[in-house]
Amino acid sequence: MGPEVEAAQLPVDEPGERLPAAAAVAPFELDDVEVVEPPRPTYVRLAGDSLRVALAAAVFVVALLVAAVFRSVVSGAENDVYRLTGLVPEPLARFLVSVGAYMGVLAPIMVGGVLIYLRRLRLAVMVVLAGLAALLAMDGISRLLELNVALPADLGQIRFISYPGPGFLAAGAAIVTVIDPWIARSLRRIAIGTVVLVAFTRIVSGANVPYDVVMASVLGWLVGSIVVLALGSPNQAPRGADVVASLHRAGVRTRRLEWIGRGLRGATIYRSDGVDGRRRFIKVFSRDQRDADTLVQLYRWIRLREASDERPFVTLRRSVEHEALLALKASDDGIPTARLHVVAEVEPDGMQLVFDWLDGHPLEGAGEAITTEVLHDLWRVAGRLQAAGIAHRDLNLAHFIIDGDRHPRVVDFSFAELAANEALLRTDIAELLCSTAVEVGAERAVAAAVDVLGRASVAAAVGRLQPLALTVHTRKAVGAADGLLDRVRDEVQHATGLEEVRYEELARIRPRTVVSVVVFAVALYALLPQLADLGQVQAQLTNADWVWILPIVAGQLLTYVGAAIAMVGSVPDRVSFVPMMRAQVAAAFVDVLAPASIGGMALNTRFLQKRGVDPGVAVAGVGVNAVGGLIGHVLLLAAFVLWAGSTTLDSATGAGGSGSSFPTVTVVAVIGIVLAGAIGFFSLIPAGRRLLENRIRPMVRDGLHGLRQLARRPRKLVAVVGGSVVVTLGFTVAFVCTVEAFGGGPSVAQLGVAYLVAWAVAVFAPTPGGLGALELVLIAALGRLGMPSETAVSSVLVFRAFTFWFPVVPGWVTFTWMQRSGEI
């Protein structure tokens, strides 16, 4: 997370007199205290504002989708509301309708007039902007959804208000949302009550149905929240004078209070010079602290596996009390840290922690000035934290203060955990290893850790030496030193005698996973209309000619043979064919776990190393095989295009003949544009760029170099390219036979071009085996070739079942057996 304060800061563990009780403090004039702080901004952007926007947007979208899918349920709820409002006596209903009409018109005018009278011009502008934006949003969305927007596969039609709807109700809700942070609780209740009354009268009078009223209110809430987030909320953080008053009530008399900086989690840092001559360090928290913690915890829960058991504190008080508890526990356990004096409330709705001031400076940035003795002292402090079961969770050099006697002290327990699990304790070691390596280098950092903690403790933390385990602050520092993290891992492995580094799985959701889900969702959205008529698809499956199963399976088995031939030919060493073929069967399982066949590449590399092939040669061999696969694919594509040159193929599938024996310029241009577009789109994705730069490009480079070497051994070169051609041909045979099982239609040449181009496009999809993308492109290609949609869907689903899903089971069995037998 980074240091709490970037400049000189912080607390100390020296004995001192106990502070007197608040009741025993002599009278003291607060006006005599010198308060030094920068000008206070009136408007600030708070974490709570972001939370409200996210929550309002989620409620709005969910309400739209629920009403579309469960229309009868919503209609039933509306009928229940109508029955309840019908119980209101008619005279009272008429009175409420009249009052609601007047209040709906007069309330916004009164709010604007009061704000102008009080000279709150910025807030008045925010109110007007929110009201107009809500009206325009209601108008725009109403007109848009009048176009009968429907979900795919007849799941439902999105329901919304009919134009014109209760736009002024949305405007009222937006205005109340904007003024909410500025008014007292009693006025807030009156404002909300006014919106509720107007909404009730709209239902009673029959002007709008309940669902329309609810959606207008939610839309107003969303628009108002966006305006507050964009233009700012009132700054309600405690001022310096409030801090002085709180210190006085707690028995700490101050003659000077100086603002030092702002912490990363919203804490304001002050330095206090007391009348007793003692200097103190003060952390002040505002009520926005809890919202900031909630955002951090929400991100960690989504991003990291081990954060699932963490919960944000219910109140600011509980969060501050937790930090105070950790500081006291660390001090009692003999850990050199700052001595905590006071935990106190600060108006309005704030809390503060008061520590002794720590004379010294952070070790961050000290570089080679950090001696070996200081490094050993750092690790002794870390060892005490480990022994006490305290995970600091931000244990970097920014939180170590070194005093005049050259003794480091650890500070800031904002994120610390008591009775921490082993994973968090290992993370602290990894964090400090990386932080010290930035200053003194990997060798000195690791050597000091091993000297103090021992080899076993340092070796146990090696699985945490990865970016996700580090705080943002340390991650940036390590990233600025190119290759430092790899050097630290290598040094730990060397110093502790580890044979292999096994990384712990930390990510719950990776960016690549998000992209994969999006791609799959788009494909599913396109496929759902085709799958809507499952009856016809089922009829197609029932009437299929299942005699074609045998050649389909034969085509799939042919891919294993071809892959084994290509891998055997990709390395100069002699490798047995049958074990290599087992590895290709196992690859069908691991390829489901990663896109772009990365799992199979890793398995083949491991297999070759276990068979005695040099690691560098094994990696190069996998690269040679990949390049050979590309060459084989291109050769087959050219052959099928030439074969299909005399037929009429749709340009979307990569063909379009003119009756000649050669493809037209248009055909070649379409193929090139599609492939270039796919590569360009893939390279725009950050994960795709990293994959291209870090893995694919080096693999292709090594592969081309390997092919040049294999050119001296023609048999090996023929095996690589020929085996790759057999793999692609096996899949093509399986696809052609699957289509023939459902009655056929397009020629073999057309189907070959369709499959080869579709796979060339889908290979860039960030999903295993091009899942979703390949199905979508194949169905579209078959449709453009004249096949009925239900036949195309059935053919593609069966093809993918036999070539992607069914091989997973034998692949898993083979993979497990190979692991147990030591082949991988």
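To be clear, the structure that these remarks concern was listed above.
Small disclaimer: the values here were computed from a predicted structure and weren't measured.

**Concerning the sheet that holds strand 11 (residues 408-410)**
Then, number 1: The strand order 9-10-11 describes an open sheet built from three strands, whose pairing is antiparallel. Edge strands, defined here as strands with exactly one partner in the open sheet, are strand 9 (361-362) and strand 11.
Then, number 2: Its contacts with the sheet put helix 11 (residues 372-388) on strand 10 (400-402) and strand 11, and the angle it makes with strand 11 is roughly 30°.

**A closer look at the pattern of salt bridges**
Then, number 1: Scanning the entire structure with this criterion turns up 20 salt bridges.
Then, number 2: Between Arg256 and Glu34 there is a salt bridge whose closest N-O contact spans 3.4 Å. You can see Arg256 sitting in strand 4 (residues 254-262) and its partner Glu34 sitting in strand 1 (residues 34-36), a full 222 residues away along the chain.
Then, number 3: Judged by its relative accessible area of 22%, Arg256 falls in the partly exposed class.
Then, number 4: Overall, the relative accessible area of 41% leaves Glu34 in the partly exposed class.
Then, number 5: Of the charged contacts, one joins Arg279 and Asp273 as a salt bridge, the two residues approaching to 2.8 Å between their closest N and O atoms.
Then, number 6: Judged by relative accessible area, Arg279 falls into the partly exposed class, the value being 36%.
Then, number 7: Owing to a relative accessible area of 10%, Asp273 belongs among the buried residues under this scheme.
Then, number 8: Within the structure, one salt-bridge network assembled from shared partners comprises Glu34, Arg256, Glu258 and Arg271.

**A word on the side chain of Ser724**
Then, number 1: Mapped onto the elements, Ser724 comes out in helix 25 (residues 714-741).
Then, number 2: Assessed through its relative accessible area of 5%, Ser724 is described here as buried.
Then, number 3: With sequence-adjacent residues up to four places away left out, Ser724 is seen in contact with Gly562, Ala566, Asn625, Gly628 and Gly629.

**Re helix 11**
Then, number 1: Helix length check: helix 11, at 17 residues, gives a terminal C-alpha distance of 24 Å against a target of 24 Å (1.5 Å per residue), a fit within 8%.
Then, number 2: In this fold, the buried residues of helix 11 make contact with strand 10, strand 11, helix 12 (422-440) and helix 13 (442-453).
Then, number 3: Positive phi shows up at Gly389, right after helix 11, with a value of about 75°.

**Digging into the packing of aromatic side chains**
Two aromatic rings are characterised by how far apart their centres lie and by the angle between their planes.
Then, number 1: Across all of its chains, the model carries nine aromatic pairs by this definition.
Then, number 2: Look at Tyr43 and Trp182: their rings are 5.1 Å apart centre to centre, the planes differ by 55°, and that puts the pair in the tilted class. Placement of the pair is Tyr43 in strand 2 (residues 43-44) and Trp182 in the loop between helix 5 (167-179) and helix 6 (185-204), with a sequence separation of 139 residues.
Then, number 3: Using a relative accessible area of 22% as the deciding quantity, one classes Tyr43 as partly exposed.
Then, number 4: Among the aromatic residues, those joined into a cluster by ring pairs are Phe281, Phe355 and Trp357.
Then, number 5: The cationic tip of Arg271 hangs over the ring face of Trp357; the distance from NZ or CZ to the ring centre is 5.5 Å.

**Some remarks on the sheet that holds strand 1**
Then, number 1: What the six strands build is an open sheet, ordered 1-4-5-6-8-7; its pairing is mixed. The sheet is open, and its two edges are formed by strand 1 and strand 7 (340-346), each paired on a single side. The average angle at which neighbouring strand axes cross in this sheet is 20°, direction not considered.
Then, number 2: Of the pairings in the sheet, the one linking strand 4 to strand 5 (residues 268-274) comprises seven bridges and is antiparallel in character. Bridging across to strand 5, Arg256 finds its partner in Asp273.
Then, number 3: Each of strand 1, strand 4, strand 5, strand 6 (279-285), strand 7 and strand 8 (350-356) touches helix 8 (residues 240-249); the most contacted strand, strand 7, lies at about 120° to it.

**Points about the environment of Gly722**
Then, number 1: Assignment of secondary structure puts Gly722 in helix 25.
Then, number 2: In sequence terms Gly722 and Ala563 are 159 residues apart; their C-alpha atoms lie 9.6 Å from each other.

**Section: unusual backbone geometry**
Then, number 1: The peptide bond linking Glu347 to Pro348 adopts the cis configuration, its omega dihedral lying at -5°.
Then, number 2: Of note in the backbone geometry, Asp412 takes a positive phi value of approximately 70° without being a glycine.
Then, number 3: One can find Asp412 in the loop between strand 11 and helix 12.
Then, number 4: For Ala419, which is not glycine, the phi dihedral falls at a positive 55°.
Then, number 5: The topology assignment puts Ala419 in the loop between strand 11 and helix 12.

What counts, and where the lines are drawn
Residues numbered from 1 in each chain as written. Predicted model: local features only at pLDDT ≥ 70, side-chain atom pairs only at ≥ 80, totals over all residues. Heavy atoms only, no water. Pairing = 2+ DSSP bridges. Helix = DSSP H or I, 4+ residues; strand = E, 2+ residues; numbered from the N terminus. Contact = heavy atoms within 4.5 Å. Axes fitted to C-alpha atoms, helices over the stretch in contact; angles between N-to-C directions. Salt bridge = Lys/Arg side-chain N within 4 Å of Asp/Glu carboxyl O. Buried < 20%, exposed > 50% of the residue type's maximum accessible area, 1.4 Å probe, protein only. Expected span 1.5 Å × (residues − 1). Phe/Tyr/Trp six-rings, centres within 6.5 Å; stacked < 30°, edge-to-face > 60°. Lys NZ or Arg CZ within 6 Å of the ring centre and 35° of its normal.

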